[in-house]
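Structure at a glance
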Amino acid sequence: MALYAISYDEVDALADFTRAHDVTFPLLSDPDSEIIERFGILNTIIDPDDHPWYGIPFPGAYVLDADGTIVTKFFESSLQFRPSADQLLRAALGDDIHLPPMPAARGESVGYDVIFDGDLLRAGVLHDLVVRFAVPEGQHLYGEPVPDGMVATTVEIEPDLGLVVRPAIFPPTVPHTLAGTGETLRIFDGDVVIRIPVTQLSRSLTPLDDGSFVQRIGGTVRWQACDDDTCHLPRSDHFSIDVPAAPHHRPEAELVDPNGMDMPAHLTKMVARRTDKSLGQVLFEITGHDA
Amino acid sequence: MPFAKLHESGQWEDEYGGLGPAKPGLASRQDPVGEFPTGPAIGERFPDVIATAQDGVALDVHRHRADRATVFVFYRSAVW
């Protein structure tokens with residue numbers, strides 16, 4: 001696969017960043033934000049006279065297939081949240097990487113598991129919680145909407161002040177006509193894999209004896225399995241999973257220059273390219289403190 | 001103005017607990033509320049992009065990626 005990243009930085013800043021971090025993929029320079037603007041994702045909330053901040057995009061990522069068609073987009077309204085490399089790789093390369101084998105169906109009954117797609121849930125970085133239903137041959141599960149008396153396949157995550165949960169991503173459904181009534185419903189074809197993007201805010205982590213942390217994620221899954229003739233009773237089950245987690249970085253834990261480059265020099269150039277203000281003046285203004 | 005709390009470190013904390021020198025609502029910490037534009041739609045061909053890379057050489061993204069699946073990231077800045 002190929003990876004590119006673009007920003008409104010100058011080429012020499014990107015070259016310094018590349019040296020500092022051994023970057024092996026192209027970093028593209030869009031110093032006038034011409035490409036950002038052409039894509040229609042310029043952050044227009046920032047005032048055009050607000051230098052050097054004006055010119056950044058609403059941050060996001062596009063995933064393309066081999067033909068160059070956009071197959072997925074990841075955009076977040078806040079810079080505090082971003083997709084994980086695992087999510088991007090999954091979107092680009094498909095579902096067959098990383099995950100363990102599907103759970104087995106339990107005889108004639110549906111089996112399910114809940115796994116965390118990643119190694120570590122960092123604050124603000126989104127990973128997928130994956131709920132996988134193994135559906136016995138000849139049976140199917142239902143997608144929304146369903147008529148009264150039937151249960152669609154759902155996953156509900158328990159509210160937690162330290163947890164950020166994005167809408168679940170379901171596989172596509174196919175139409176299915178009931179033999180008895182002739183009614184057409186939407187069903188999932190075979191096994192069902194549901195992805196729920198989650199991240200944490202370091203507000204409800206559980207410390208472990210070894211100094212590490214976990215984020216506990218609880219929820220409820222519901223489903224109803226049917227074959228062409230009969231339906232099983234609806235099922236509901238509670239799950240709880242402890243995900244390895246890393247708390248917010250705090251200033252005291254960070255390097256003096258986290259970008260590993262001469263940040264003041266580059267920032268000075270960025271300011272000077274569009275305004276006569278000094279770097280100190282610009283930095284003072286963003287703190288919101290009174291003069 | 002969005003939630004902003006002065007942290008003991010001297011930095012500003014936002015509603016999610018994130019810290020930064022800029023007060024939420026200023027500089028890059030001006031986030032859209034509700035819907036915001038996300039560019040070309042899923043299903044569309046990714047637009048042509050020709051831009052200078054860190055080696056100083058212009059790069060045509062579609063030509064360079066050839067027929068590989070691709071992740072293309074728009075980010076804030078490598079500097080700050």
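Rules used throughout
Position numbers for residues start from 1 in each chain and track the written sequence from start to end. Following the order in which they are written, the chains are lettered starting with A and the ligands numbered starting with 1. In keeping with the predicted nature of the model, local features appear solely for residues at pLDDT of at least 70, side-chain atom pairs appear and are counted solely at 80 or more, and the whole-chain, interface and lining totals rest on all residues. Note: side-chain values were computed over all heavy atoms of the structure, leaving out hydrogens and water. Under the DSSP-based scheme used, a helix requires at least four consecutive residues in state H or I and a strand at least two consecutive residues in state E, with every element numbered from the N terminus. The reference for a compact globule is 2.2 Å times residues^0.38; the radius of gyration itself is calculated from the C-alpha atoms. For each residue, the accessible area found with a 1.4 Å probe, counting protein chains only, is set against the maximum for its type, and the residue is called buried under 20%, exposed over 50%, and partly exposed in between. Two residues qualify as a contact provided that any one of their heavy atoms is within 4.5 Å of a heavy atom in the partner residue. Residue-level accessible areas treat just the shown protein chains as cover; the underlying method is Shrake-Rupley with a 1.4 Å probe. His is not counted here, nor are the chain ends, while Lys and Arg score as positive and Asp and Glu score as negative. Every charge is mapped to an atom, namely NZ of Lys, CZ of Arg, CG of Asp or CD of Glu. Defined by distance alone, a disulfide is two cysteine sulfur atoms within 2.5 Å. By this definition, two strands are paired if DSSP reports at least two bridges between them. Accessible-area loss on putting two parts together, using a 1.4 Å probe and summing over both, is the definition of buried area adopted here. Think of a salt bridge as a Lys or Arg side-chain nitrogen and an Asp or Glu carboxyl oxygen that are within 4 Å of each other. Between N or O atoms, a polar contact is any pair within 3.5 Å; within protein, one atom must be a potential hydrogen donor and the other a potential acceptor, and residues adjacent in sequence are included only when both atoms are from side chains. The residue classification treats Ala, Val, Leu, Ile, Met, Phe, Trp, Tyr, Cys and Pro as nonpolar and Asp, Glu, Lys and Arg as charged. All others, Gly included, are polar. Annotation comment: domain bounds sourced from an automatic or database domain assignment.

Our next topic: the overall build of chain A. Helix and strand content of chain A: five helices and 18 strands. Its C-alpha atoms give chain A a radius of gyration of 24 Å, more than 25% over the compact-globule value 19 Å for 291 residues. In terms of its C-alpha atoms, chain A occupies a principal-axis envelope of roughly 75 × 50 × 40 Å. Across the 291 residues that make up chain A, the buried fraction comes to 45%. Partitioning the contacts of chain A with sequence separation of at least 6, the portion at a separation of at least 24 is 59%. Per element, the accessible surface of chain A, about 14,400 Å² overall, is 53% carbon and sulfur. In chain A, 20 positive and 46 negative side-chain charges are present, and the distance between their average locations comes to 2 Å.

The next thing to look at is helix α3 (residues 85-93) of chain A. Listed as buried for α3(A) are A:D86, A:Q87, A:L88, A:R90 and A:A92. Backbone geometry just after α3(A) places A:G94 at a positive phi near 100 degrees.

Residue and element names in this part refer to chain A. Here the structure, examined in full by the defined rule, presents one disulfide over all chains. The residue that forms a disulfide with C226 is C231, at a sulfur-sulfur distance of 2.0 Å. One disulfide, between C226 and C231, carries an S-S torsion of 105 degrees and so falls in the right-handed class. Look at C226 and you get buried, because its relative accessible area is 0%.

Below, the discussion takes up the sheet that holds strand β1 (residues 5-6) of chain B. Residue and element names in this part refer to chain B. Strands sit in the order β1-β2-β3 across an open sheet of three strands; the sheet is antiparallel. At either margin of the open sheet sits one strand with a lone partner, and together these are β1 and β3 (19-20). Looking at chain direction, β1 and strand β2 (residues 12-13) are connected through two bridges and run antiparallel. Across the sheet, K5 pairs through a bridge with E13, a residue of β2.

Contacts between chain A and chain B engage 75 residues on the former and 62 residues on the latter. Across the chain A to chain B interface the summed buried area is about 6,100 Å²; carbon plus sulfur atoms make up 63%. Across the contact surface, chain A and chain B share zero salt bridges. Where chain A meets chain B, there are 35 residue pairs in polar contact (both at pLDDT 80 or more). Its residues placed into classes, the side of chain A that touches chain B shows 47 nonpolar, 18 polar and 10 charged. The pairing of strand β3 (residues 60-64) of chain A with strand β6 (residues 70-74) of chain B spans five bridges and is classified as antiparallel. Note that in β6(B) the partner of A:Y62 across the bridge is B:F72.

On to the domain arrangement of chain A. All names here are of chain A. Domains assigned within chain A are domain 1 (5-94 + 251-286) and domain 2 (111-246). Each side of the interface is counted separately: domain 1 has nine residues, and domain 2 has 13 residues. With both chains or domains summed, domain 1 and domain 2 bury close to 880 Å², and 48% of this area falls on carbon and sulfur atoms. Considering only the side of domain 1, the residues that lose the most area to domain 2 are F81, Q87 and R90, jointly responsible for 51% of the buried surface there. Between the two partners, domain 1 and domain 2, sit two salt bridges. In this structure, the connection of domain 1 to domain 2 is made through six residue pairs in polar contact (both at pLDDT 80 or more). Broken down by element, the side of domain 1 that touches domain 2 gets its largest block of residues, three residues, from α3.

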